[in-house]
Amino acid sequence: MRLEAVKSVVRGLLAVFGTSTTTEPRPGSGRRPSGSGGPAASDVSSTTSPGRSGPEATIEVASTVLRRASIVFEPRVDGEPDPGEVIWTWVPYEENDGRGKDRPVVIVARDTARSVFAVQLTSTPHDDDARHFVYIGPGAWDSQGRPSWARLDRVFRVFESGMRREANSVSREQFAAVSTALASRLS
């Protein structure tokens, strides 16, 4: 009993100081649980997750940046991240308070020679929220084969140094669902 109390206190202290040993939320913390189901989903406070910090950290940008971008399906086996490919990166929570989660995103457009624009994928069902999500179905990016939804209201700039490639891509039809939904939001 005493050992469990000590473990609980230590976990709480570690979570407060940014080195939590769990991905489960603390009651009242507002922190979301993990559960991406993807490969090596990281602890939300891991400092080793690509894209988490530094000048090339993954950041949310205004969706209007996509108006000047070329949203074209073109995954290639060339070692470079391309629109249509699914990559993993640190995605900050909406609160923008330093917390976030390593998760899959689908690249929708090239930004610069070293960065891309992407939208996050989730396996949480969002059939009732077509304004912010589009259903794309299952894919190899989810190790459990669950269906996915692309979140349309959050666009991220991801630098190549801030991504982990998993050699997956969405199908042409899945990309078309995402690009059509994004285009309708931008018009």
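S.K.: Explain the overall build of the protein chain here, please?
M.R.: What the protein chain contains, in helices and strands, is 2 helices and 7 strands. Considering only intrachain contacts with a sequence separation of at least 6, the fraction spanning at least 24 residues in the protein chain is 63%.

S.K.: I tried to follow the pattern of salt bridges on my own but got confused; where do I start?
M.R.: One side chain can pair with another of opposite charge once the charged atoms of both are near each other. Scanning all chains against the criterion turns up 13 salt bridges. Between R76 and D78 there is a salt bridge; the shortest N-O distance is 3.6 Å. Residue class for R76 comes out partly exposed when judged on its relative accessible area of 46%. A cluster of three or more residues bridged by salt bridges with shared partners is formed by R68, D111 and R157.

S.K.: Honestly, the nonpolar core in this entry has me stumped. Any pointers?
M.R.: In a soluble, globular protein the nonpolar side chains are often hidden away together inside. In this structure, L66, V108, F117, V119, V170 and V178 are the most contacted members of the largest nonpolar core, which totals 24 residues. Among the elements that line this core, the one with the most residues is helix α2 (residues 172-186), at 5 residues. Listed in part, the 9 residues of the second largest apolar core include V91, I107, F156 and V158.

S.K.: Got a minute to help me understand the confidence of the model for the protein chain in this structure?
M.R.: Detailed reading of the predicted coordinates is not advisable wherever pLDDT is low. Summarising the model, the protein chain shows a mean pLDDT of 81, and 74% of its residues fall at 70 or more. Predicted confidence for residues 12-46 stays below pLDDT 50, and this span has 75 contacts to residues more than four positions away or in other chains.

S.K.: Is there a simple way to explain unusual backbone geometry in this structure?
M.R.: Although it is not a glycine, N96 adopts a positive phi angle of roughly 50 degrees. Counting through the fold element by element, N96 comes out in the loop between β2 (85-92) and β3 (100-112). Among the residues examined, N96 registers a relative accessible area of 64% and is labelled exposed.

What counts, and at which threshold
- Residues numbered from 1 in each chain as written.
- Predicted model: local features only at pLDDT ≥ 70, side-chain atom pairs only at ≥ 80, totals over all residues.
- Heavy atoms only, no water.
- Helix = DSSP H or I, 4+ residues; strand = E, 2+ residues; numbered from the N terminus.
- Contact = heavy atoms within 4.5 Å.
- Salt bridge = Lys/Arg side-chain N within 4 Å of Asp/Glu carboxyl O.
- Buried < 20%, exposed > 50% of the residue type's maximum accessible area, 1.4 Å probe, protein only.
- Core = buried A, V, L, I, M, F, W, Y, C linked by side-chain atoms within 4.5 Å.
- pLDDT = per-residue confidence, 0-100.

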